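Chain by chain, the residues run as shown.
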Amino acid sequence: MIEDLTAVHEEIRALAAERDAVLLAHNYQRPEVQDVADFVGDSLGLARQAAATDAAVIVFAGVHFMAETAAILSPDKTVLLPEPRAGCPMADMITAEQARAFKAAHPGLPLVTYVNSSAAVKAETDVCCTSANATDVVRSLGADRVLFAPDRNLGAWVASQVPEVEVTVWDGCCPIHDAVTPAQVEEARAAHPGALVLTHPECRPEVNALADAVLSTSGMLRYAAETDAAELIVVTEEGLLHGLSKAAPGVTFHHIAPRMLCPNMKLTTIEKVRDALRDLRGAVEVPEETRARALGAVERMVAIG
Ligand code: 13P
Ligand code: SF4
(Lines give C-alpha, C1' and ligand atoms only; values in the text may rest on other atoms or scores of the structure.)
(Ligands and ions follow the chains in the order given, each with its own letter.)
Protein backbone atom coordinates (compact mmCIF):
# COMPACT_ATOMS: atom_id res chain seq x y z
CA MET A 1 0.00 0.00 0.00
CA ILE A 2 1.32 3.43 -0.91
CA GLU A 3 1.19 5.59 2.19
CA ASP A 4 0.96 9.01 0.60
CA LEU A 5 0.60 8.87 -3.16
CA THR A 6 0.45 12.65 -3.60
CA ALA A 7 3.74 13.04 -1.73
CA VAL A 8 5.45 10.32 -3.84
CA HIS A 9 4.13 11.90 -7.04
CA GLU A 10 5.49 15.30 -5.96
CA GLU A 11 8.83 13.73 -5.09
CA ILE A 12 8.99 12.10 -8.54
CA ARG A 13 8.12 15.32 -10.36
CA ALA A 14 10.77 17.23 -8.36
CA LEU A 15 13.40 14.55 -9.04
CA ALA A 16 12.49 14.48 -12.75
CA ALA A 17 13.05 18.25 -12.97
CA GLU A 18 16.33 17.99 -11.07
CA ARG A 19 17.61 15.14 -13.25
CA ASP A 20 16.32 16.61 -16.53
CA ALA A 21 14.33 13.41 -16.99
CA VAL A 22 11.26 12.49 -19.00
CA LEU A 23 9.04 9.73 -17.61
CA LEU A 24 7.42 7.44 -20.20
CA ALA A 25 4.79 4.89 -19.13
CA HIS A 26 3.17 2.13 -21.15
CA ASN A 27 -0.63 1.82 -21.18
CA TYR A 28 -0.37 -1.41 -19.11
CA GLN A 29 1.45 0.20 -16.18
CA ARG A 30 -0.12 0.56 -12.74
CA PRO A 31 -2.58 3.53 -12.57
CA GLU A 32 -0.44 5.50 -10.10
CA VAL A 33 2.59 5.14 -12.41
CA GLN A 34 0.59 6.25 -15.47
CA ASP A 35 -0.71 9.26 -13.53
CA VAL A 36 2.75 10.68 -12.78
CA ALA A 37 4.22 10.13 -16.28
CA ASP A 38 4.98 12.82 -18.85
CA PHE A 39 3.67 10.54 -21.59
CA VAL A 40 1.53 7.42 -21.46
CA GLY A 41 1.18 5.44 -24.67
CA ASP A 42 1.57 2.35 -26.78
CA SER A 43 4.91 0.96 -27.93
CA LEU A 44 4.98 3.12 -31.06
CA GLY A 45 3.99 6.36 -29.33
CA LEU A 46 6.56 5.86 -26.58
CA ALA A 47 9.35 4.99 -29.03
CA ARG A 48 8.56 8.23 -30.85
CA GLN A 49 8.69 10.18 -27.58
CA ALA A 50 12.03 8.55 -26.75
CA ALA A 51 13.40 9.53 -30.16
CA ALA A 52 12.17 13.13 -29.93
CA THR A 53 12.92 14.09 -26.33
CA ASP A 54 15.50 16.71 -25.35
CA ALA A 55 15.72 15.34 -21.81
CA ALA A 56 19.04 13.92 -20.60
CA VAL A 57 17.38 10.95 -18.87
CA ILE A 58 14.52 8.72 -20.05
CA VAL A 59 12.79 6.73 -17.31
CA PHE A 60 10.89 3.91 -18.99
CA ALA A 61 8.02 2.49 -16.96
CA GLY A 62 7.47 -0.56 -19.12
CA VAL A 63 9.43 -3.68 -19.98
CA HIS A 64 13.03 -4.24 -21.03
CA PHE A 65 12.63 -4.22 -24.83
CA MET A 66 10.98 -0.79 -24.62
CA ALA A 67 13.93 0.69 -22.72
CA GLU A 68 16.33 -1.00 -25.14
CA THR A 69 14.47 0.49 -28.11
CA ALA A 70 14.78 3.92 -26.49
CA ALA A 71 18.52 3.32 -25.99
CA ILE A 72 18.88 2.35 -29.68
CA LEU A 73 17.16 5.56 -30.77
CA SER A 74 18.81 7.88 -28.24
CA PRO A 75 22.37 6.70 -27.51
CA ASP A 76 23.33 10.00 -25.90
CA LYS A 77 20.62 9.68 -23.22
CA THR A 78 20.61 7.70 -19.99
CA VAL A 79 17.71 5.22 -20.24
CA LEU A 80 16.51 3.83 -16.91
CA LEU A 81 14.31 0.79 -16.38
CA PRO A 82 13.10 1.10 -12.76
CA GLU A 83 12.62 -2.66 -12.40
CA PRO A 84 15.43 -4.57 -14.15
CA ARG A 85 13.51 -7.87 -13.98
CA ALA A 86 10.64 -6.51 -16.08
CA GLY A 87 11.05 -8.50 -19.28
CA CYS A 88 8.70 -9.73 -21.99
CA PRO A 89 8.43 -13.50 -22.44
CA MET A 90 7.56 -13.06 -26.11
CA ALA A 91 10.79 -11.13 -26.71
CA ASP A 92 12.68 -14.14 -25.32
CA MET A 93 11.04 -16.51 -27.83
CA ILE A 94 13.59 -15.76 -30.56
CA THR A 95 17.35 -15.29 -30.28
CA ALA A 96 19.65 -13.54 -32.76
CA GLU A 97 20.98 -16.94 -33.80
CA GLN A 98 17.45 -18.20 -34.46
CA ALA A 99 16.64 -15.04 -36.42
CA ARG A 100 19.70 -15.64 -38.61
CA ALA A 101 18.65 -19.28 -39.14
CA PHE A 102 15.07 -18.15 -39.99
CA LYS A 103 16.47 -15.84 -42.68
CA ALA A 104 18.91 -18.44 -43.95
CA ALA A 105 16.03 -20.91 -44.41
CA HIS A 106 14.20 -18.32 -46.57
CA PRO A 107 16.94 -16.60 -48.58
CA GLY A 108 16.18 -13.14 -49.90
CA LEU A 109 13.01 -12.55 -47.86
CA PRO A 110 12.89 -9.43 -45.67
CA LEU A 111 12.53 -10.00 -41.93
CA VAL A 112 9.91 -7.86 -40.18
CA THR A 113 10.35 -7.97 -36.41
CA TYR A 114 7.83 -6.91 -33.78
CA VAL A 115 9.32 -4.34 -31.40
CA ASN A 116 8.75 -6.94 -28.62
CA SER A 117 12.20 -8.42 -29.31
CA SER A 118 15.78 -8.01 -28.13
CA ALA A 119 18.20 -5.45 -29.59
CA ALA A 120 20.29 -8.39 -30.87
CA VAL A 121 17.30 -9.66 -32.90
CA LYS A 122 16.54 -6.15 -34.14
CA ALA A 123 20.11 -6.05 -35.42
CA GLU A 124 19.25 -8.99 -37.74
CA THR A 125 16.08 -7.27 -38.94
CA ASP A 126 15.13 -5.34 -42.07
CA VAL A 127 12.34 -3.36 -40.44
CA CYS A 128 10.67 -3.36 -37.03
CA CYS A 129 7.00 -2.69 -36.36
CA THR A 130 4.56 -2.35 -33.50
CA SER A 131 0.97 -3.56 -33.35
CA ALA A 132 -0.11 -0.05 -34.40
CA ASN A 133 1.77 0.01 -37.72
CA ALA A 134 2.56 -3.66 -38.57
CA THR A 135 0.25 -3.66 -41.61
CA ASP A 136 1.68 -0.39 -42.97
CA VAL A 137 5.23 -1.63 -42.37
CA VAL A 138 4.64 -4.84 -44.32
CA ARG A 139 2.93 -2.92 -47.16
CA SER A 140 5.83 -0.44 -47.25
CA LEU A 141 8.23 -3.20 -48.27
CA GLY A 142 6.43 -3.83 -51.57
CA ALA A 143 7.47 -7.51 -51.30
CA ASP A 144 5.18 -10.44 -52.11
CA ARG A 145 6.71 -12.59 -49.34
CA VAL A 146 7.99 -11.57 -45.92
CA LEU A 147 9.20 -13.21 -42.70
CA PHE A 148 7.58 -12.10 -39.45
CA ALA A 149 8.88 -12.65 -35.89
CA PRO A 150 8.36 -13.34 -33.05
CA ASP A 151 4.54 -13.03 -32.72
CA ARG A 152 2.64 -15.57 -34.84
CA ASN A 153 -0.68 -13.95 -33.88
CA LEU A 154 0.29 -10.43 -34.95
CA GLY A 155 1.81 -12.02 -38.08
CA ALA A 156 -1.48 -13.78 -38.81
CA TRP A 157 -3.38 -10.54 -38.26
CA VAL A 158 -1.11 -8.72 -40.72
CA ALA A 159 -1.49 -11.55 -43.25
CA SER A 160 -5.28 -11.20 -43.04
CA GLN A 161 -5.02 -7.45 -43.69
CA VAL A 162 -2.49 -7.68 -46.53
CA PRO A 163 -3.64 -10.75 -48.47
CA GLU A 164 -1.37 -9.95 -51.40
CA VAL A 165 1.68 -10.68 -49.22
CA GLU A 166 2.63 -14.18 -48.07
CA VAL A 167 3.68 -13.91 -44.41
CA THR A 168 5.83 -16.69 -42.93
CA VAL A 169 5.64 -16.42 -39.15
CA TRP A 170 7.93 -17.41 -36.30
CA ASP A 171 6.20 -19.48 -33.61
CA GLY A 172 6.19 -17.01 -30.71
CA CYS A 173 3.38 -15.29 -28.83
CA CYS A 174 2.39 -13.18 -25.84
CA PRO A 175 1.34 -15.72 -23.19
CA ILE A 176 -1.23 -13.30 -21.79
CA HIS A 177 -3.03 -12.53 -25.06
CA ASP A 178 -2.58 -16.01 -26.54
CA ALA A 179 -4.41 -17.56 -23.57
CA VAL A 180 -7.73 -15.90 -24.46
CA THR A 181 -10.23 -18.28 -26.08
CA PRO A 182 -13.21 -17.67 -28.38
CA ALA A 183 -15.46 -19.13 -25.63
CA GLN A 184 -14.40 -16.33 -23.27
CA VAL A 185 -15.34 -13.70 -25.85
CA GLU A 186 -18.67 -15.40 -26.52
CA GLU A 187 -19.41 -15.55 -22.79
CA ALA A 188 -18.62 -11.84 -22.43
CA ARG A 189 -20.91 -10.99 -25.36
CA ALA A 190 -23.71 -13.07 -23.83
CA ALA A 191 -23.23 -11.31 -20.49
CA HIS A 192 -23.21 -7.84 -22.11
CA PRO A 193 -25.48 -7.89 -25.14
CA GLY A 194 -25.00 -4.78 -27.27
CA ALA A 195 -21.42 -4.18 -26.12
CA LEU A 196 -18.76 -4.04 -28.84
CA VAL A 197 -15.62 -6.17 -28.55
CA LEU A 198 -12.09 -4.76 -28.90
CA THR A 199 -9.20 -7.22 -29.16
CA HIS A 200 -5.44 -6.73 -29.43
CA PRO A 201 -3.69 -8.31 -32.45
CA GLU A 202 -1.55 -10.39 -30.05
CA CYS A 203 -4.73 -12.46 -29.50
CA ARG A 204 -5.25 -15.63 -31.53
CA PRO A 205 -6.81 -15.31 -35.02
CA GLU A 206 -9.97 -17.13 -33.87
CA VAL A 207 -10.38 -14.56 -31.08
CA ASN A 208 -9.72 -11.59 -33.38
CA ALA A 209 -12.30 -13.02 -35.79
CA LEU A 210 -14.96 -12.38 -33.14
CA ALA A 211 -13.97 -8.73 -32.55
CA ASP A 212 -15.66 -5.55 -33.73
CA ALA A 213 -12.20 -3.96 -33.92
CA VAL A 214 -8.62 -5.26 -33.58
CA LEU A 215 -6.41 -2.48 -32.25
CA SER A 216 -3.17 -1.56 -30.49
CA THR A 217 -3.62 -0.18 -26.97
CA SER A 218 -3.61 3.46 -28.13
CA GLY A 219 -5.91 2.47 -30.99
CA MET A 220 -8.35 1.20 -28.35
CA LEU A 221 -8.10 4.51 -26.46
CA ARG A 222 -8.92 6.48 -29.61
CA TYR A 223 -11.76 4.11 -30.53
CA ALA A 224 -13.31 4.44 -27.05
CA ALA A 225 -13.12 8.24 -27.18
CA GLU A 226 -14.88 8.33 -30.55
CA THR A 227 -17.42 5.48 -30.35
CA ASP A 228 -21.19 5.86 -30.06
CA ALA A 229 -21.32 2.50 -28.26
CA ALA A 230 -22.37 2.66 -24.60
CA GLU A 231 -20.42 -0.47 -23.60
CA LEU A 232 -17.14 -2.03 -24.72
CA ILE A 233 -15.65 -5.43 -23.92
CA VAL A 234 -11.87 -5.03 -23.65
CA VAL A 235 -9.62 -7.96 -24.56
CA THR A 236 -6.17 -6.83 -23.52
CA GLU A 237 -4.10 -6.36 -20.36
CA GLU A 238 -6.00 -4.79 -17.45
CA GLY A 239 -3.76 -1.70 -17.14
CA LEU A 240 -5.46 -0.20 -20.19
CA LEU A 241 -8.76 0.05 -18.29
CA HIS A 242 -7.36 3.03 -16.35
CA GLY A 243 -6.66 5.03 -19.52
CA LEU A 244 -9.92 3.92 -21.12
CA SER A 245 -12.05 5.20 -18.26
CA LYS A 246 -10.23 8.54 -18.45
CA ALA A 247 -10.44 8.77 -22.26
CA ALA A 248 -14.14 7.86 -22.39
CA PRO A 249 -15.83 8.45 -19.02
CA GLY A 250 -19.29 7.96 -20.57
CA VAL A 251 -18.54 4.42 -21.79
CA THR A 252 -18.95 1.34 -19.58
CA PHE A 253 -15.99 -1.03 -19.94
CA HIS A 254 -16.10 -4.76 -19.30
CA HIS A 255 -12.73 -6.47 -19.00
CA ILE A 256 -12.62 -9.98 -20.41
CA ALA A 257 -12.85 -12.71 -17.75
CA PRO A 258 -10.74 -14.22 -16.36
CA ARG A 259 -8.76 -11.01 -16.23
CA MET A 260 -5.62 -10.58 -18.31
CA LEU A 261 -2.65 -9.44 -16.27
CA CYS A 262 0.98 -9.13 -17.40
CA PRO A 263 3.09 -9.77 -14.28
CA ASN A 264 6.11 -8.12 -15.88
CA MET A 265 4.25 -4.88 -16.54
CA LYS A 266 3.15 -4.82 -12.91
CA LEU A 267 6.67 -5.21 -11.48
CA THR A 268 7.26 -1.46 -11.79
CA THR A 269 5.89 0.25 -8.71
CA ILE A 270 5.71 3.97 -8.00
CA GLU A 271 8.44 3.59 -5.36
CA LYS A 272 10.76 1.93 -7.88
CA VAL A 273 10.20 4.82 -10.30
CA ARG A 274 11.12 7.23 -7.51
CA ASP A 275 14.19 5.23 -6.51
CA ALA A 276 15.42 4.92 -10.11
CA LEU A 277 15.24 8.68 -10.53
CA ARG A 278 16.76 9.44 -7.14
CA ASP A 279 19.68 7.02 -7.53
CA LEU A 280 19.91 7.07 -11.36
CA ARG A 281 19.66 3.31 -11.12
CA GLY A 282 18.71 0.65 -13.70
CA ALA A 283 20.48 2.00 -16.81
CA VAL A 284 19.84 -0.07 -19.94
CA GLU A 285 22.66 -0.07 -22.45
CA VAL A 286 23.00 -1.64 -25.87
CA PRO A 287 26.49 -2.51 -27.16
CA GLU A 288 27.38 0.02 -29.88
CA GLU A 289 27.95 -2.63 -32.55
CA THR A 290 24.45 -4.08 -31.96
CA ARG A 291 22.87 -0.64 -31.70
CA ALA A 292 24.35 0.53 -34.98
CA ARG A 293 23.04 -2.57 -36.78
CA ALA A 294 19.56 -2.30 -35.21
CA LEU A 295 19.12 1.44 -35.69
CA GLY A 296 17.90 1.47 -39.31
CA ALA A 297 15.13 -1.08 -38.64
CA VAL A 298 13.93 0.86 -35.59
CA GLU A 299 14.11 4.25 -37.34
CA ARG A 300 11.98 2.89 -40.20
CA MET A 301 9.45 1.63 -37.64
CA VAL A 302 9.19 5.05 -36.00
CA ALA A 303 8.72 6.75 -39.38
CA ILE A 304 5.94 4.52 -40.75
CA GLY A 305 2.20 4.81 -40.03
P1 13P B 1 0.95 -1.83 -27.75
O2 13P B 1 0.74 -0.93 -26.58
O3 13P B 1 1.95 -1.28 -28.69
O4 13P B 1 -0.36 -2.17 -28.38
O5 13P B 1 1.64 -3.16 -27.20
C6 13P B 1 1.04 -4.11 -26.44
C7 13P B 1 1.99 -4.93 -25.66
O8 13P B 1 1.73 -6.06 -25.35
C9 13P B 1 3.24 -4.35 -25.24
O10 13P B 1 4.00 -5.28 -24.61
FE1 SF4 C 1 5.10 -9.11 -23.33
FE2 SF4 C 1 2.53 -9.75 -23.44
FE3 SF4 C 1 3.48 -8.58 -21.25
FE4 SF4 C 1 3.24 -7.19 -23.55
S5 SF4 C 1 1.58 -8.06 -22.33
S6 SF4 C 1 5.01 -7.21 -22.15
S7 SF4 C 1 3.70 -8.78 -25.05
S8 SF4 C 1 4.07 -10.60 -22.05
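Preceding block: the structure.
Residues numbered from 1 in each chain as written. Chains lettered and ligands numbered in written order. Predicted model: local features only at pLDDT ≥ 70, side-chain atom pairs only at ≥ 80, totals over all residues. Heavy atoms only, no water.

Enquirer: Help me understand the pairing of strand β5 (residues 111-114) in this model?
Expert: Side chains on a regular strand alternate between the two faces of the sheet. Where burial is concerned, the two faces of β5 agree: the one with L111 and T113 and the one with V112 and Y114 are both buried. Relative to strand β7 (residues 145-149), β5 runs parallel, the two sharing three bridges. By the bridge assignment for β7, T113 is matched with A149. One ladder, built from three bridges, connects β5 with strand β6 (residues 127-129); its direction is parallel. For Y114, the partnering residue across the bridge sits in β6 and is C129. (Buried < 20%, exposed > 50% of the residue type's maximum accessible area, 1.4 Å probe, protein only. Helix = DSSP H or I, 4+ residues; strand = E, 2+ residues; numbered from the N terminus. Pairing = 2+ DSSP bridges.)

Enquirer: Help me understand the site of ligand 2 in this model?
Expert: If you check the shell around ligand 2, you find Y28, V63, C88, P89, M90, N116, C174, I176, E202, C262 and M265 and nothing else. A majority-of-atoms criterion places ligand 2 in the largest cavity. Here the shell around ligand 2 is composed, by residue class, of nine nonpolar, one polar and one charged. (Near = heavy atom within 4 Å. 1 Å grid on protein atoms, 1.4 Å probe; cavity = no way out; pocket = protein on both sides within 12 Å on 5 of 7 lines; lining within 4 Å. Sits in = over half its atoms within 2 Å of the grid points. Nonpolar A, V, L, I, M, F, W, Y, C, P; charged D, E, K, R; others polar.)

Enquirer: I'm lost on the pairing of strand β9 (residues 196-199) in this one. Help?
Expert: As paired elements, β9 and strand β11 (residues 231-235) share four bridges and run parallel to each other. Residue pairing in the sheet places T199 in a bridge with V235 of β11. Bridge count for β9 against strand β10 (residues 213-214) is two bridges, and the pairing is parallel. By the bridge assignment, T199 is partnered in β10 with V214.

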